[in-house]
Amino acid sequence: MHLTRLDIIGFKSFADKTVLAFDKNITAIVGPNGSGKSNIADSLRWVLGEQSMKNLRGKKAEDIIFNGSKNKRRLGLVRVEITLDNTDGRGALEYPEIVISREMDRTGESTYRLNGHTVNLSDIVMFLAKSHFGQKSYAIIGQGMIDRIVNATPESRKDFFDE
Ligand code: ATP
């Protein structure tokens, strides 16, 4: 099972619908400081059910919704969707393609969908765990983390790798 596509609309700086296609090799996203590269990683965390605003670099839930710019009004809704290729059958659903989406309005209420069906967060968490798509099989290494690992004491570096 691997990630093939990420659809973002209304997430942080992404006011317009943005689609990223990933092939099986390495995908690099480049851009100047502040152009939204880390926001893409945040959107991936978010759609996979992230609950910690700290990990999403915000304070309150609505901080992740596009807040307006000089030319565009702020939005009331955010939606992120990931498409997973499951032709190898390793995902715990018998579909060749699995789509997970999360939507939220400014009240902070999230709606999760699995292949179009509204589900609970626990269903997403369970699906990911059964598909071995949990914390052990992917890693999001945020900005500044490498510095911290390199400069850490041997003990805290060990803690990091253990985790
Ligand atoms: P750097 O390389 O400096 O880390 P980056 O390309 O990773 O930059 P991000 O940190 O992903 O950039 O994006 C920061 C930009 O996102 C800032 O310009 C910030 O104003 C914008 N941003 C964050 N949240 C929102 C929001 N809710 N609405 C609109 N813009 C937002």
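Residues numbered from 1 in each chain as written. Predicted model: local features only at pLDDT ≥ 70, side-chain atom pairs only at ≥ 80, totals over all residues. Heavy atoms only, no water.

1. As for the pairing of strand S5 (residues 110–114)
In step 1: Looking at chain direction, strand S4 (residues 97–105) and S5 are connected through 5 bridges and run antiparallel. Of the residues in S5, the one forming a bridge with Arg102 is Tyr112.
In step 2: Joining the antiparallel neighbours S4 and S5 is a turn of 4 residues, in which Gly108 adopts a positive phi near 90°.
In step 3: Sheet topology places S5 next to strand S6 (residues 117–119); 3 bridges connect them, and they run antiparallel. If you follow Tyr112 over to S6, its bridge partner there is Val119.
In step 4: Here S5 hands over to S6 after 2 residues, with Asn115 in that stretch at a positive phi of 45°. (Pairing = 2+ DSSP bridges. Helix = DSSP H or I, 4+ residues; strand = E, 2+ residues; numbered from the N terminus.)

2. Some thoughts on the site of the ligand
In step 1: Near the ligand there are 16 residues, and of these Gly34, Ser38, Asn39, Ile65 and Asn67 occur at the shortest range.
In step 2: Separating an oxygen atom of the ligand from a side-chain N or O atom of Asn33 is a distance of 3.4 Å.
In step 3: One nitrogen or oxygen atom from the main chain of Asn39 is found 2.7 Å from an oxygen atom belonging to the ligand.
In step 4: Considering the ligand on its own, with 650 Å² of exposed area, one finds that the protein chains cover 71% of that surface.
In step 5: Its residues assigned to classes, the shell around the ligand shows 3 nonpolar, 9 polar and 4 charged. (Near = heavy atom within 4 Å. Polar contact = N/O pair within 3.5 Å; in protein donor to acceptor, adjacent residues only side chain to side chain. Areas by Shrake-Rupley, 256 points an atom, 1.4 Å probe, with all protein chains shown as cover. Nonpolar A, V, L, I, M, F, W, Y, C, P; charged D, E, K, R; others polar.)

3. Focus: the packing of aromatic side chains
In step 1: Following the criterion strictly, the structure yields 1 aromatic pair and no others.
In step 2: An angle of 50° between the planes, with centres 5.9 Å apart, marks the rings of Phe11 and Trp46 as tilted. Pair noted here: Phe11 is in the loop between strand S1 (2–9) and strand S2 (18–21) and Trp46 is in helix H1 (residues 37–47), with a separation of 35 residues, a long-range link.
In step 3: Among the residues examined, Phe11 registers a relative accessible area of 0% and is labelled buried. (Phe/Tyr/Trp six-rings, centres within 6.5 Å; stacked < 30°, edge-to-face > 60°. Buried < 20%, exposed > 50% of the residue type's maximum accessible area, 1.4 Å probe, protein only.)

4. Focus on the pattern of salt bridges
In step 1: Under the criterion given, the structure shown has 9 salt bridges.
In step 2: Arg5 is the partner of Asp7 in a salt bridge, and the nearest nitrogen-oxygen pair spans 2.7 Å.
In step 3: Assessed through its relative accessible area of 5%, Asp7 is described here as buried.
In step 4: Here Arg5 falls in the partly exposed class, since its relative accessible area comes to 34%.
In step 5: Asp16 is the partner of Lys72 in a salt bridge, and the nearest nitrogen-oxygen pair spans 3.4 Å. You can see Lys72 sitting in the loop between H1 and strand S3 (77–85) and its partner Asp16 sitting in the loop between S1 and S2, a full 56 residues away along the chain.
In step 6: Given a relative accessible area of 45%, Asp16 falls into the partly exposed group.
In step 7: By sharing partners, the salt bridges in this structure join Arg5, Asp7 and Lys17 into a single network. (Salt bridge = Lys/Arg side-chain N within 4 Å of Asp/Glu carboxyl O.)

5. A few points about the environment of Leu3
In step 1: Relative to the elements of secondary structure, Leu3 occurs in strand S1.
In step 2: Taking C-alpha positions, Leu3 is 28 Å from Lys59, a pair spaced 56 residues apart along the chain.
In step 3: Those residues in contact with Leu3, other than ones at most four positions away along the chain, are Phe22, Leu44, Ile82, Thr83 and Leu84. (Contact = heavy atoms within 4.5 Å.)

6. A few points about the sheet that holds S5
In step 1: What the 6 strands build is an open sheet, ordered S2-S1-S3-S4-S5-S6; its pairing is antiparallel. Of all strands in the sheet, those bounded by a partner on one side alone are S2 and S6. The mean inter-strand angle of the sheet, taken between neighbouring strand axes irrespective of direction, is 20°.
In step 2: Strand direction decides the pairing type here: S1 and S2, joined by 4 bridges, are antiparallel. (Axes fitted to C-alpha atoms, helices over the stretch in contact; angles between N-to-C directions.)

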